[in-house]
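# Structural overview
What follows is the residue order along each chain.
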Amino acid sequence: MPLKRYSAEAFGVLTICLVALLVLLGLVCIAYLLYVRSRVLRQGFIQLSYFNGPCIIRITFILFTIWWGFGEIIRLNFLRRQGRVLNALNLKWQENICKFYIVSNLGFAEPCMFLTLVFLLRAPLQNIDTGILSRKWNGKTASYVILYCLPVFVLQLILILIAPELRKDRRELSPYFTRVVVRVMQNSDDIALCTYPLLNTILLGLFAIILTTYLFWLGRRILQLIINRGLQKRVYTLIFSVLSLLQLRVVLLGLSVLSKPEQFMFEALTFSAFLAQLFCAGVCICILVCYPVKDCLALRNLHDLEARRRAFLDVQNDTVSLIPHQSHPEGSTGISSERSFDASTSPVALVQLCRFSPS
């Protein structure tokens, strides 16, 4: 079914608006993280070091997400129509942008996003001194993410570079296996519309299978150690979202080869794949960034509350000590309540309780 003009514009405008909202959410979260980090370092809350440790990796995850979002914008065929931004470029540059998108998003941004997610989830299982609380943890983790992403990036780049040779040498190979762009004539003007080569999608699918298998095993280990139901719900939501939406995106991109870019079915499938990845990224940002920062602020408020309570109890004990001959059953009650408070709601206890949160 041919794609109507207003349908193409609707998909394009909606994609740009959703990416803008994602970028706005990411920038707000980065500002929030930097604010909390500065407060923790300035006021010297040692109990909050565990939450503050992976701050740089959380910001890195958001930056990978923003990178992916901008890649989805330059992919849009909507921007290649007559009078749009990318239509001013010649045909060769339009094709190069499509190739850059495949290598950048499918070969770098998306793998780095999910690898960063894995390392953030894996952090609570590591030794505290050599893990999150180590000053070198952020640098090592960033290096490992780039290192593990490198094979996928190189393979995606090789598939893009050797695609013309594959089409020449193996004419029996269907074009959609290696086709990056489709050239169409519009108002006496040639434009290049981006597609998803099936070989590159298969490579992304293999990466998704390996990642989700490890993530499922990692999630089971974490859930066995969590004692807080709220944290369990977060981990369940995160694992289920990644396992289902990542696989769904790969399937939708694979099905997109059955139609051409100028058809409605192609745009609907690619937009659905975009929505799957967008929703997955939003869930990850909320659970891996927003909730840990919220817990950090709650813990800081609890620290202040405990300090005020201790100061009040010290004053009360000094007052009681001025009356040596009077029995005070209420005093013993106050002491027992103080012990109960210390044992159940102290910041140190809460940090131990939240150690296995997805931070």
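Residues numbered from 1 in each chain as written. Predicted model: local features only at pLDDT ≥ 70, side-chain atom pairs only at ≥ 80, totals over all residues. Heavy atoms only, no water.

- In the nomenclature of an unreviewed UniProt entry, the chain is known as Mitogen-activated protein kinase kinase kinase A-like of Hibiscus syriacus.

### With respect to the UniProt feature "transmembrane region" (unreviewed entry) in the chain
- Sequence positions flagged by UniProt for "transmembrane region" (unreviewed entry) are, in local numbering, residues 12-36, 48-70, 100-121, 142-163, 198-217, 238-259 and 271-293.
- As a span, residues 100-121 carries 100% helix and 0% strand, and end to end its C-alpha atoms are 30 Å apart.
- The distance from the first to the last C-alpha atom of residues 198-217 is 29 Å, and the span holds 100% helix and 0% strand. (UniProt positions renumbered as here; feature names shortened; annotations may be inferred. Helix = DSSP H or I, 4+ residues; strand = E, 2+ residues; numbered from the N terminus.)

### Some words on the packing of aromatic side chains
- Per the counting criterion, the structure on display carries 13 aromatic pairs.
- With centroids separated by 5.8 Å and ring planes inclined at 40°, the aromatic side chains of Phe11 and Phe264 adopt a geometry described as tilted. Within this pair, whereas Phe11 is found in helix 1 (residues 5-43), its partner Phe264 is found in helix 8 (residues 264-321), the two being separated by 253 residues in sequence.
- By relative accessible area, which is 29% here, Phe264 ends up partly exposed.
- Summarising the aromatic geometry, the rings of Trp68 and Phe274 are spaced 5.6 Å apart at their centres and angled 15° between planes, so their arrangement reads as stacked. With a gap of 206 residues between them, Trp68 in helix 3 (residues 55-75) and Phe274 in helix 8 connect regions that are remote in the sequence. The same class applies to Trp68 as to Phe274, namely buried.
- Feature note: the residues Phe11, Trp68, Phe264, Phe271 and Phe274 constitute an aromatic cluster, connected by ring pairs. (Phe/Tyr/Trp six-rings, centres within 6.5 Å; stacked < 30°, edge-to-face > 60°. Buried < 20%, exposed > 50% of the residue type's maximum accessible area, 1.4 Å probe, protein only.)

### Regarding the nonpolar core
- In terms of nonpolar packing, the biggest core is built from 86 residues, with Leu117, Leu121, Leu238, Val242 and Cys284 touching the most fellow members.
- Listing elements by their share of this core, those giving two or more residues are helix 1, helix 3, helix 4 (91-122), helix 5 (137-169), strand 2 (189-194), helix 6 (198-225), helix 7 (229-255) and helix 8.
- No other element matches helix 4, which puts 18 residues into this core.
- Filtering out sequence-adjacent residues up to four positions away, Cys284 remains in contact with Phe61, Leu117, Leu238, Val242 and Val289. (Core = buried A, V, L, I, M, F, W, Y, C linked by side-chain atoms within 4.5 Å. Contact = heavy atoms within 4.5 Å.)

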